[in-house]
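Fold and contact review
What follows is the residue order along each chain.
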Amino acid sequence: MKLYVIIPLCALLTFTQQAPPREKCACELNNSEKAFPHEKLRIVETNVSDCNSNITPQKTVELESLLLGLERRLSQLNKDVQILEKEDDGELYGVLSLYVIENEMTEIKQLIDKLNSTTQQHQILTANATEQLGNYKAEMQELEKFDTMQVIKGQQVNSALKADLFKCNKKMNTTVTPTEPPQGTCQRSRLLNVTGPRVYTAGEYPGSHAYGAWGRDPRPEEGKESWYWLVMMTSSNRYSNYVRFYSSLSSLIIGVSVPGNVQIHSSNPTTNTIQGPNNVLYGGALYYNCYNQDYVCRFNLTTKSVTTLQLPKGTRYNSKGNFCHLEECYPYTDLDLATDESGVWVVYTTTQDFGNLVLSKLEEGETPVLGKTWRTSVYKQSVTNTFMACGVLYATRYINREVEEIFYSFNTVTGQEKFNIGIFMNKMSTNIQSLNYSPVDQMLHAYCDSNMVSYKVLFG
């Protein structure tokens with residue numbers, strides 16, 4: 001049985017008309033929970049930020065660099081003492097040898113003093129940081145009590161699950177790398193990884209010159225096997241007119257240049273002086289981009305003479321073919337000189353190649369000669385740096401402020417290009433202005449915003 005209720009429309013209208021006018025109402029909300037201490041959280045965040053700025057990877061690497069420099073200097077001193085004991089003639093040779101040893105001991109003392117000072121600073125910093133971290137942990141645990149909905153706990157669980165998922169995927173997708181025959185121009189030619197930094201130092205002029213290059217001579221003159229060289233762009237971050245030498249790694253770290261400067265010209269810049277940071281030293285000669293020209297200059301350190309080589313027509317120079325990343329380009333990096341086990345190479349680009357990297361081998365001689373040339377399909381302005389190792393060209397690109405990636409290789413023996421190298425370098429500063437590979441000790445020397453950093457190169 002269905003019941004129907006009929007309400008006249010007039011009744012509804014009457015009800016609407018008779019409704020009392022709306023009145024304002026006010027509600028009082030009482031929160032039983034404690035007010036969140038925003039100011040306390042802000043103070044903790046500020047203190048943690050200050051702590052992070054004080055404790056940086058650079059400080060750790062600085063200590064490791066000093067220890068490495070001391071180790072090498074002591075080894076060299078031991079060799080010099082043994083030579084003196086065997087060959088001392090009691091006359092002029094002995095006097096000169098003692099003078100050399102005295103200088104080495106002075107440098108070692110300076111290095112030890114700097115090491116002691118750095119160690120004491122680190123101990124104080126570590127003690128303060130430990131105490132501060134304990135306080136911050138207690139304060140954050142106290143603040144977590146205000147998280148009544150357990151949002152933070154949920155985020156922590158999610159982070160742990162994401163990490164486990166990443167490990168699982170990585171394990172499932174791991175494939176066995178097939179055995180490859182040696183490629184390039186030497187046995188250790190397949191680049192596996194770059195570790196480090198092994199050395200990090202501000203050197204003799206901390207923060208003074210943002211652009212430059214440094215490294216070792218792969219084919220040094222006799223008696224200069226342990227020397228390091230440094231070229232800083234002393235004028236407008238673009239030009240230089242001398243190369244500076246250090247007798248050892250420890251001398252470089254503590255900033256004692258015993259050999260000193262070798263000057264190309266008294267003016268800077270001028271004809272045949274240095275333009276751009278991508279320079280190398282090989283066989284007692286400095287190779288670099290000549291000022292205001294599409295030329296490679298070769299400066300003989302012994303005769304103090306300069307010879308030149310003009311690159312092919314259409315070569316871009318004067319900051320028209322730079323290394324770049326999305327945020328900026330590195331000025332006057334048109335020509336990149338590189339060394340490896342076989343000699344000197346030059347990386348550049350031309351208008352005919354539409355901005356792609358071009359690689360040429362420089363034949364040895366008092367006057368450089370352009371040898372065989374290879375053309376690649378990688379665009380130069382998508383690259384931040386290049387270097388050579390075992391006849392293979394490698395290119396890097398900017399990932400972020402902390403990481404640079406070796407992403408590309410070109411094998412000059414097989415002609416094979418690879419765009420998936422995927423080797424990541426941990427940076428000590430935002431930019432890497434130059435990279436030089438040293439086949440002497442398989443180190444990669446980087447000049448980074450006025451700092452000198454080196455990485456160990458691992459081959460298969």
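Residues numbered from 1 in each chain as written. Predicted model: local features only at pLDDT ≥ 70, side-chain atom pairs only at ≥ 80, totals over all residues. Heavy atoms only, no water.

1. Quick look at the overall build of the protein
Of regular secondary structure, the protein possesses six helices and 25 strands. Across the protein, the fraction of contacts at a sequence separation of at least 24, relative to all contacts at a separation of at least 6, is 56%. In the structure as shown, the protein presents an accessible area of about 25,500 Å², 54% of it carried by carbon and sulfur atoms. (Helix = DSSP H or I, 4+ residues; strand = E, 2+ residues; numbered from the N terminus. Contact = heavy atoms within 4.5 Å. Areas by Shrake-Rupley, 256 points an atom, 1.4 Å probe, with all protein chains shown as cover.)

2. Overview of the pairing of strand β24 (residues 443-448)
β24 sits mainly inside the fold: six of its six residues count as buried. Covered by surrounding structure in β24 are Met443, His445 and Tyr447 together with Leu444, Ala446 and Cys448, the residues of both alternating faces. Taken together, the five bridges between strand β23 (residues 434-438) and β24 define a ladder with antiparallel strand orientation. Of the residues in β24, the one forming a bridge with Ser434 is Tyr447. Linking β23 to β24, which pair antiparallel, is a turn of four residues; within it Gln442 sits at a positive phi near 55 degrees. Hairpin connection between β24 and strand β25 (residues 451-459): a loop of two residues separates the two successive antiparallel strands, and Asp449 in this loop has a positive phi of roughly 50 degrees. (Buried < 20%, exposed > 50% of the residue type's maximum accessible area, 1.4 Å probe, protein only. Pairing = 2+ DSSP bridges.)

3. Examining the environment of Leu66
Among the structural elements, Leu66 can be located in helix α3 (residues 57-87). For Leu66, a relative accessible area of 1% gives the class buried. Between the C-alpha atom of Leu66 and that of Leu249, which follows or precedes it by 183 residues, the distance is 9.1 Å.

4. A word on the state of the cysteines
Taken as a whole and judged by the stated rule, the model has two disulfides. Disulfide pairing places Cys290 opposite Cys297 at an S-S distance of 2.0 Å. The S-S bond linking Cys290 to Cys297 shows a torsion near 125 degrees; that makes this disulfide right-handed. Paired by a disulfide, Cys324 and Cys329 hold their sulfur atoms 1.9 Å apart. (Disulfide = S-S within 2.5 Å.)

5. Side note on the sheet that holds strand β5 (residues 242-246)
Across the sheet, four strands lie side by side as β2-β3-β5-β6; this open sheet has antiparallel pairing. Every other strand in the sheet has two partners, leaving β2 (212-215) and β6 (260-263) as the edge strands with one partner each. Sheet twist, expressed as the mean angle between neighbouring strand axes with direction ignored, is 20 degrees. Pairing between β5 and β6: four bridges, direction antiparallel. By the bridge assignment, Val243 is partnered in β6 with Val262. (Axes fitted to C-alpha atoms, helices over the stretch in contact; angles between N-to-C directions.)

6. Thoughts on the layout of surface pockets
Where empty space is left can be seen by rolling a probe of water-molecule size over the atoms. Size it by volume and the largest pocket reaches roughly 680 Å³. Taken together, 24 residues form the lining of the largest pocket, with Arg73, Gln76, Glu104, Ser226 and Ser247 sitting closest to its centre. For the lining of the largest pocket, the secondary-structure elements that each account for two or more residues are α3 and α4 (92-144). The greatest single-element share of the lining of the largest pocket, amounting to six residues, is contributed by α3. Of the residues contributing to the lining of the largest pocket, the split by class is seven nonpolar, seven polar and ten charged. Two domains each provide a minimum of three residues to the lining of the largest pocket, namely domain 1 (40-142) and domain 2 (191-459). (1 Å grid on protein atoms, 1.4 Å probe; cavity = no way out; pocket = protein on both sides within 12 Å on 5 of 7 lines; lining within 4 Å. Points joined across faces, edges and corners; volume = space filled by probe spheres on them. Nonpolar A, V, L, I, M, F, W, Y, C, P; charged D, E, K, R; others polar. Domains from an automatic or database assignment.)

7. Topic: the pattern of salt bridges
Counted according to the given criterion, the structure contains nine salt bridges. For Arg244, the salt bridge is made with Glu204, and the minimal N-O distance between the two is 2.8 Å. Here Glu204 lies in the loop between β1 (191-201) and β2 and Arg244 lies in strand β5, a separation of 40 residues in the sequence. For Glu204, a relative accessible area of 25% translates into the label partly exposed. Across the pair Arg375 and Asp353 runs a salt bridge, and its minimum N-O distance is 2.8 Å. In this pair, Arg375 sits in strand β17 (residues 369-379) while Asp353 sits in the loop between β15 (343-348) and β16 (356-363), placing the two residues 22 residues apart along the sequence. Given a relative accessible area of 52%, Arg375 falls into the exposed group. (Salt bridge = Lys/Arg side-chain N within 4 Å of Asp/Glu carboxyl O.)

8. As for the confidence of the model for the protein
On average, the protein scores 82 in pLDDT, and the residues at 70 or more come to 80%. This model gives residues 1-16 a pLDDT under 50, and the stretch forms zero contacts once residues within four places in sequence are excluded. Contacts from residues 174-183, a stretch scored under 50 in pLDDT, to residues over four places away or in other chains number eight contacts. (pLDDT = per-residue confidence, 0-100.)

9. Considerations on the packing of aromatic side chains
Applying the stated criterion across every chain yields a total of nine aromatic pairs. Aromatic side chains Trp345 and Trp374 sit 5.7 Å apart centroid to centroid with 45 degrees between the ring planes, which places their arrangement in the tilted category. Of this pair, Trp345 sits in strand β15 while Trp374 sits in strand β17, and the two are 29 residues apart along the sequence. For the pair shown, Trp345 and Trp374 are each scored as buried. Where Phe387 meets Tyr394, the ring centres are 5.3 Å apart and the plane angle is 20 degrees; that geometry is what we call stacked. Following the ring pairs from residue to residue traces out a cluster consisting of Tyr239, Tyr291 and Tyr332. Sitting over the ring of Trp345, Lys361 keeps its end group 5.4 Å from the ring centre. (Phe/Tyr/Trp six-rings, centres within 6.5 Å; stacked < 30°, edge-to-face > 60°. Lys NZ or Arg CZ within 6 Å of the ring centre and 35° of its normal.)

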